[in-house]
Amino acid sequence: MSATVPVRLEVNGRAHQVDVEPRLLLVHLLRDRLGLTGTHVGCDTSNCGACTVHLDGDAVKSCTVLAAQADGCSVTTIEGMADGATLHPLQEAFWKDHGLQCGYCTPGMIMAAADLLARNPDPTEEEVRHGLEGNLCRCTGYHNIVRAVLDAAEGVRTGRIETPAPTAAGREAGEELAEEGLGA
Ligand code: FES
Ligand code: FES
């Protein structure tokens, strides 16, 4: 029996305390222990970005972080982005601009794009393409993804759309989806 270490962390505003094997990756803690299957695993080489979440506000590939390293941290996953039925502007723009096909890369793309827009609310197309270089998409050719990010940025800047603060209702809706397997 391998030793476990206690990890306390907040995920989408909710506190968790779990005992984990020291080798457990954050992505597996989120998916397998907390049921937040919107965070995907798309490779075993740290290349695809499908597992991107926010760790204390910064986008990270959660397959490159040990769960134990997240002790004391705040994590946001794709399930924490919407406000109940109100989608995050990036989710809305990906939908409106057809920024996805199979959708496998989409949660990671949105989390990476949210980090990009938090740092640079008015990016150029080139800056968006550069900012998303760590996220791979096998389907779309990236054009509509970039357009969606630019569209969301413009919408938030001009007040056309508001960025919702994650709420308890949003968290619960996300968790229900996860329980139903719809976040996978
Ligand atoms: S699953 Fe993390 S980068 Fe591919
Ligand atoms: S939409 Fe299929 S991998 Fe990006």
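Up top is the structure these notes are about.
Below or above, wherever it landed, is the structure these notes cover. Keep in mind it's a predicted model, so treat the numbers as computed, not measured.

Conventions used here
- Residues numbered from 1 in each chain as written.
- Chains lettered and ligands numbered in written order.
- Predicted model: local features only at pLDDT ≥ 70, side-chain atom pairs only at ≥ 80, totals over all residues.
- Axes fitted to C-alpha atoms, helices over the stretch in contact; angles between N-to-C directions.
- Helix = DSSP H or I, 4+ residues; strand = E, 2+ residues; numbered from the N terminus.
- Parallel < 35°, antiparallel > 145°, perpendicular 65-115°, else oblique.
- Left-handed = near helix turned anticlockwise from the far one by under 90°.
- Contact = placed C-beta atoms within 7 Å.
- Nonpolar A, V, L, I, M, F, W, Y, C, P; charged D, E, K, R; others polar.
- Pairing = 2+ DSSP bridges.

Moving on: the packing of helix H2 (residues 89-96) against helix H3 (residues 106-119). The N-to-C vectors of H2 and H3 enclose an angle of 130°; their axes lie 10 Å apart at closest approach. Between H2 and H3, the crossing angle belongs to the class labelled oblique. The way H2 lies across H3 gives a crossing that is right-handed. Residue-level contacts link Leu90, Gln91 and Phe94 of H2 to Thr106, Ile110, Ala113 and Ala114 of H3. Class assignment for the residues of the contact of H2 with H3 results in five nonpolar, two polar and no charged.

With that out of the way, let us pick up the sheet that holds strand S1 (residues 5-11). The strand order across the open sheet built from five strands is S2-S1-S5-S3-S4, with neighbouring strands paired in mixed fashion. The open sheet has two free edges, formed respectively by strand S2 (14-20) and strand S4 (58-61), since each of these has just one partner strand. Pairs of neighbouring strands in the sheet enclose a mean axial angle of 40°, with direction left out of account. In terms of strand pairing, S1 meets strand S5 (residues 74-76) through two bridges, oriented parallel. The residue bridging Glu10 from the neighbouring strand is Ser74, located in S5.

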